[in-house]
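Fold and geometry: a report
One letter stands for each residue in the lines below.
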Amino acid sequence: MAQDFRRSALPKTLGGLIGLGVLAGILVTAMVTPAIAVTSEATKAGIGVFDDMPDYVELGTQSQRNIVYANRGGAPVPIATIYNQNREEVSADEISPFLMDAAVAGEDRRFYQHGGIDMPSVARAAAGNIISKSITSGSSTLDMQLVKNILVQNALDIRDAKKQKAAYAAAIDDSFQRKLKEMKLAVGLDKRYSKKQILVGYLNITGFGGNTYGVQSAAQQYFSANAKDVTVAQAASLVAIVQQPNLQNLSDPKYYAANKVRRDQILNDMHAQKYITAAQFDEAISTKIADEVKLTAPTNGCLYASAAPFACDYVKQLVPTLESLGASEAERRANFATGGYKIYTSIDLDQQDVAQAALAKSAPADEARFALGAAADAVQPGTGRVLVMAQNKGFNNTDSATAAQTGINYSTDYEYGNSGGFQTGSTYKIFTLIDWLQKGHGLNDTVNGTVRTFQQSGFKATGCGGPYAGSYAPKNDSPGEGGSMSVLSATSASVNAAFVGMAQKLDLCDIRDDAKALGVHPAKGGDLDTQPAAILGTNTIAPLTMAAAIATIGANGTYCAPTIVDSIVGPDEKKLDGQAKNCTAAIAPNIAATVAYALATVMKSGTGTAGSPRDGVPIVGKTGTTDGSYQNWLIASTTKAALAVWVGNIQGNPAKATTNNPQGDQSLRQITVAGTNGYNTKFNIFKATMKSLNTNPEYKGSAFPAVDSTLLHGAGLAVPSVAGQTLAKAQSLLESLQFDVVDGGPVASGLPAGQVVRTDPAAGAVAAMGSSVTVYTSDGSLATTMPNVVGMPRQGAMGTLVTAGFDSTRVTYSWVAGSPADVCRVTASDPAASSATAKDASITLSVSNGGPNAGTDPGGLCP
């Protein structure tokens, strides 16, 4: 925080300062030119230096540590400190009197008597410098040292590199002018603040070696103690560092001897000035420094986070967006650099630990056969609060990162973690399903899941890149998958061809817009691709983004942008706002409920079954697998917690590159990882993490809203019966009802060649307007006439029918009354003799039982 320089308007104070300034000018001039008498011109120059200067500098807040918190057991706990300077400011009652006394005894013994400048010290330094010819050595009081440190800190707070360099040079300039400025500002400081305030300010600002500033951080680093608890010997050793921080600190035993020399001088001064007793002196002077030092290495940054390091780094990257830190991005960065903030995040460490353990077990960070990455991100539906942000690799954003570590945050966008995201596979089908329902279609509408080639010119893409040229031939994930099916079944089984066919009836721009409404965007920015292949998840998206998208279904249509900063406490201990809750009504509640109904089947009996916790908590979700099984996903949500798990290739292996796999990625279906097929890795991670979330009452979901029954059938129509019609007539009727007609070709049938035998979907089935109806016509191969078997014994009639090509299993008997002479003989047939029929037709033969009552079986009389 920059210090404020101010000009006093009090004449009497100014007069006193000028008078003192004249004396100081004469004395310093004597140090510069000791062999020449001080002339009146030199005196005038000394006075002139003061004319354009402020009277004092303020003891503002210095650069100090920021602390990042997460939650454990429902209470905030610190997980990381982030700072430009390792400093923790403390008050007077948090500093040992030994430290205060050591600073006065060792650095400025007349501190409590002088008014900012110690004139005897100035005179002594001037006399000594006649020999050394140094300009400014010696004579600096604690006030003057504090002034210099403040000026240095002010310089370091300047963001412009050129201006910062100039200001820093001016603050440390070993010149006559700078010394005079320090003297005047020290006098002003002494007039404005109490001695205790000045001493505390000095102990909080001064450097103690490396990046450690202030006695609290120094005590913690060198003695693993707080500043209020240091011993006499420790206090003297800390103050000893101040004289030459880089040569007398305690970070390495090689500096101990130099520190001891200065420490012992300070102890002697403390004893001489009666700050300590003889007994205290004897004990302290005999203390070995090596026995006292208990180093605690500085833990600056998320690299040293005790937990959730990637979440910590995400918070750090978000600083320019946190409005509570300042009015502009530059101000926010500057304020955070100054430090002193406490950042309270939404991360639940109890859940984070479970996710991290699941990732470590199922997706080992040290997997050497290919570059395996995995991430798990949980958000809270209806708020967007990030509960879990974990990944399989350890956090290390330095050049020393191993293969098991990375500085890339797989969970977030490139701007916040340098990840370009990952293709989402079939998880993206959710947005086609949403648009399908929004356009009046239903879940029970029949669609064609058969693998086929689509002409891309047949897709609508109004104003978002279309029309597209060429053809697109997507494959289904499972061999043999296809045929007519309901949209509900296509969703549960994740049938690619069915969804591409659905998209062909919609507008690709609308599908994109539905995805955007749920917060979906490419991890590297820009707009979502709308080519037909995008329906099956070719856009590269961050896991956190997909977690927030599925959370929208959990929140019954309300999308909330992910937030991780709940609140902030400033350096002044005032509570500030965290990230603002940003929620919108993305889709209508009835649409969301119907989507949830469909996605529930995915987790109950569809492609997501293996990942379901099966703990009684209602859950909806969607799996996703890219071509080649290079990236795998499972995203799902309850009404209280949403979770996205991604497992896949971080990068390919050029040595394994092929025409169909130019990146050399590893198929997860063709490798065993941690004892299981790599395809199932996502399920293991998801199940463990979601099961844990469900055990917490705060995150345990309840039932989803009921499905909108009108969206089950939507605006679909019953397929009419066109059996027996010509293909042309059937096509005319079906197209008048807005169905697309597909010629299924001829099939064996007893109908005359060319007549319609059946349709798929079958007559009476409800199909979506615009969906395909396949029509099958007869090839006439089964057409025949019914033989005359009347009067024949039952057994003989069967033989005649089989010889004529009829199926014996389709022949049934009906017992009728008759004379004893006709027993077991055929009295009639259906169809009747000589009528047109088909060889696969069902035949009923009426057979006499030789008695008066119809329906009676004559028993063993008929062979």
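Positions within a chain are numbered from 1, following the residues in the order the chain's sequence is written. Where local features are concerned, this predicted model is filtered to residues with pLDDT of at least 70; where side-chain atom pairs are given and counted, the filter is 80 or more; whole-chain, interface and lining totals use all residues. Side-chain numbers come from the whole structure's heavy atoms, not from hydrogens or water.

With respect to the helices, strands and loops of the structure, Ala-365 is situated in the loop between helix H17 (349-362) and strand E6 (372-379). Considering only alpha carbons, one finds Ala-365 and Cys-583, 218 residues apart in sequence, at a separation of 35 Å. Should any heavy atoms of two residues lie within 4.5 Å, those residues are counted as being in contact. Setting aside residues no more than four positions away along its own chain, Ala-365 makes contact with Asn-392, Lys-393, Ala-403 and Ala-404. Numbered from the N terminus, helices here are DSSP runs of H or I no shorter than four residues, and strands are runs of E no shorter than two.

This brings us to the state of the cysteines. Any pair of cysteine sulfurs within 2.5 Å is marked as a disulfide. Enumeration over the complete set of coordinates arrives at three disulfides. Disulfide partner of Cys-464: Cys-509, at an S-S distance of 1.9 Å. Taking the torsion about the S-S bond as the criterion, the Cys-464 to Cys-509 disulfide, at about -95 degrees, is left-handed. In this pair, Cys-464 is assigned in the loop between strand E12 (454-455) and strand E13 (471-472) and Cys-509 in helix H22 (residues 508-517), connecting sequence segments 45 residues apart. The disulfide that involves Cys-560 links it to Cys-583, with 2.0 Å between the sulfurs. Residues Cys-560 and Cys-583 share a disulfide whose torsion about the S-S bond is about 110 degrees; that sign makes it right-handed. Of this pair, Cys-560 sits in strand E16 (residues 558-560) while Cys-583 is found in strand E19 (residues 583-585), placing the two residues 23 residues apart along the sequence.

This brings us to the sheet that holds strand E27 (residues 756-760). Strand pairing is assigned whenever DSSP detects at least two bridges linking the two strands. Taking strand neighbours across the sheet as the criterion, the three strands line up as E26-E29-E27 in an open arrangement whose pairing is mixed. The sheet is open, and its two edges are formed by strand E26 (740-747) and E27, each paired on a single side. Averaged over all pairs of adjacent strands, the angle between strand axes in this sheet comes to 25 degrees, irrespective of strand direction. Judged from the seven bridges that link them, E26 and strand E29 (residues 772-778) form a sheet pairing that is parallel. Among the inter-strand pairings, Val-742 is bridged to a residue of E29, identified as Thr-774. Fitted lines through C-alpha atoms serve as axes, helices being fitted only where they are in contact, and the angles separating the N-to-C directions of these axes extend from 0 to 180 degrees.

Looking now at the sheet that holds strand E34 (residues 843-848). The strand order across the open sheet built from three strands is E31-E34-E32, with neighbouring strands paired in mixed fashion. Of all the strands in the sheet, just strand E31 (811-816) and strand E32 (826-830) have a single pairing partner and so form its edges. Going across the sheet, the axis of each strand differs from the next one's by a mean of 25 degrees, ignoring polarity. The sheet contacts of helix H28 (residues 794-803) involve E31, E32 and E34, and relative to E31 the element is tilted by about 155 degrees.

Let us now look at the packing of helix H3 (residues 97-107) against helix H8 (residues 195-205). Across the interface, H3 lies against H8 with an axial gap of 11 Å and an inter-helix angle of 90 degrees. By the angle class used here, H3 and H8 are roughly perpendicular. The segment H3 lies against H8, with Leu-99, Met-100, Ala-103, Val-104 and Glu-107 engaging Leu-199, Val-200, Tyr-202 and Leu-203. Polar here means any residue outside two lists: the nonpolar Ala, Val, Leu, Ile, Met, Phe, Trp, Tyr, Cys and Pro, and the charged Asp, Glu, Lys and Arg; Gly therefore counts as polar. In the contact of H3 with H8, the residues fall into eight nonpolar, no polar and one charged. Roughly parallel here means an angle under 35 degrees, roughly antiparallel means over 145, roughly perpendicular means 65 to 115, and every remaining angle is called oblique.

The buried label goes to any residue with under 20% of its type's maximum accessible area, the exposed label to any with over 50%, and the partly exposed label to all in between, with areas taken from a 1.4 Å probe on protein chains only. With five of seven residues buried, strand E3 (residues 66-72) lies mostly within the body of the structure. With seven bridges joining them, E3 and strand E4 (residues 75-82) adopt antiparallel strand pairing. Each bridged residue has a counterpart across the sheet, and for Ile-67 the counterpart in E4 is Thr-81. Alignment of E3 against strand E5 (residues 342-348), held across four bridges, turns out to be parallel. Each bridged residue has a counterpart across the sheet, and for Ile-67 the counterpart in E5 is Lys-342.

Mean pLDDT for the protein: 89, with 91% of residues reaching 70 or above. Note: pLDDT gives the predictor's confidence per residue, expressed from 0 to 100. Scored below 50 in pLDDT, residues 1-23 makes 47 contacts in the model with residues more than four places away or belonging to other chains. In this model, residues 130-137 is a region of pLDDT below 50 whose contacts with residues beyond four sequence positions or in other chains number 15 contacts.

In this section: the packing of aromatic side chains. Centres within 6.5 Å are what make two rings of Phe, Tyr or Trp a pair, Trp counting through its six-membered ring; a difference in plane orientation under 30 degrees is then read as stacked, over 60 as edge-to-face, and the rest as tilted. Counted according to the given criterion, the structure contains ten aromatic pairs. Relative to Phe-395, the ring of Phe-310 has its centre 5.1 Å away and its plane inclined at 90 degrees; by these criteria the two rings are edge-to-face. In this pair, Phe-310 sits in helix H15 (residues 309-318) while Phe-395 sits in strand E8 (residues 394-395), placing the two residues 85 residues apart along the sequence. Residue Phe-310 is classed as buried on the basis of its relative accessible area, which comes to 4%.

On to the pattern of salt bridges, then. Salt-bridge detection follows one rule: a side-chain nitrogen of Lys or Arg within 4 Å of a carboxyl oxygen of Asp or Glu. The full count for this structure, using the stated rule, is 21 salt bridges. With its nearest N and O atoms 2.9 Å apart, the salt bridge here joins Asp-513 to Arg-512. The class of Asp-513 is partly exposed, set by a relative accessible area of 32%. The buried category is assigned to Arg-512, whose relative accessible area is 14%. Where salt bridges share partners, they join Arg-512, Asp-513, Lys-516 and Asp-527 into one cluster.

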